[in-house]
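Descriptive analysis of the structure
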Amino acid sequence: MINNEDKGHMRLAIRLATESVHKGGGPFGAVIVKEGKIVAASSNRVTLDNDPTAHAEVCAIREACKKLNTFDLSGCVLYASCEPCPMCLASMYWAHISRYYYANDKEDAKAIDFDDAFIYSEFALSPEKRSMPREQMLHDEAIVTFQEWTKKDDKIEY
């Protein structure tokens, strides 16, 4: 059930998105909360940092991981001013975000020319039918690293 605290966190994400627009960034904001406390808050920094991966959610995940000194954000809740794109959603899964809320949806984003439909359609295709060419190489050399990882006793799994 959404409460006033949740609404406050979402309003912060929305405010960050608005401030980003005024600074020349993209119209997206994200806040990460753990046990009722804000641990990270960020806006989209793609154009500001010339980094296509600097979406608000990814930036907030990076900040939260640094602050909490962990790559596992289990127990954290993410508030996004817009429904996460495929990259952000995948990042949230990798980070083990426990729950997320969003304000605008992907149709709202599409209406302002942030359309993820192409990416989703590419993922649905078999790799050989995708628009980005791919070719495997040096598998015999690369597999050695995986074999070393498998044998490693003190690895930190994630």
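Residues numbered from 1 in each chain as written. Predicted model: local features only at pLDDT ≥ 70, side-chain atom pairs only at ≥ 80, totals over all residues. Heavy atoms only, no water.

Quick word on the sheet that holds strand β2 (residues 37–43)
Quick note on the threshold: Here, a strand pair is defined by DSSP locating no fewer than two bridges between the strands. Each helix is a run of DSSP H or I of at least 4 residues and each strand a run of E of at least 2, with the numbering of both proceeding from the N terminus. The angle between two axes is taken between their N-to-C directions and runs from 0 to 180 degrees, where each axis is a line fitted to C-alpha atoms and a helix contributes only its stretch in contact.
Pairing within the open sheet is mixed, and its four strands lie in the order β2-β1-β3-β4. Bordering the open sheet on either side are β2 and β4 (99–104), each of which pairs with just one other strand. Strand-to-strand twist of the sheet, defined as the mean angle between neighbouring strand axes without regard to direction, takes the value 15°. Sheet topology note: the strand β1 (residues 29–34)/β2 ladder contains six bridges and is antiparallel. Residue pairing across strands places glycine 29 opposite serine 43, the latter belonging to β2.

With respect to a nonpolar patch on the surface
Keep this limit in mind: Put simply, a patch holds well-exposed residues, over 30% relative accessible area, that have no salt bridge, with like charges counted together within 9 Å and Val, Leu, Ile, Met, Phe, Trp or Tyr side chains within 5 Å. Accessible surface area values rest on a Shrake-Rupley calculation with a 1.4 Å probe, where residue burial reflects the displayed protein chains alone. Within this document, salt bridges are pairs made up of a side-chain nitrogen of Lys or Arg and a carboxyl oxygen of Asp or Glu, the two lying within 4 Å of each other. Each residue gets one of three labels from its accessible area relative to the maximum for its type: buried under 20%, exposed over 50%, partly exposed in between, using a 1.4 Å probe on protein chains only.
A surface patch of nonpolar side chains, about 680 Å² in accessible area, is lined by Phe71, Trp94, Trp149, Ile156 and Tyr158. Relative to the assigned elements, tryptophan 94 resides in helix α4 (residues 86–95). On the basis of relative accessible area, tryptophan 94 is assigned to the exposed category, the value being 62%.

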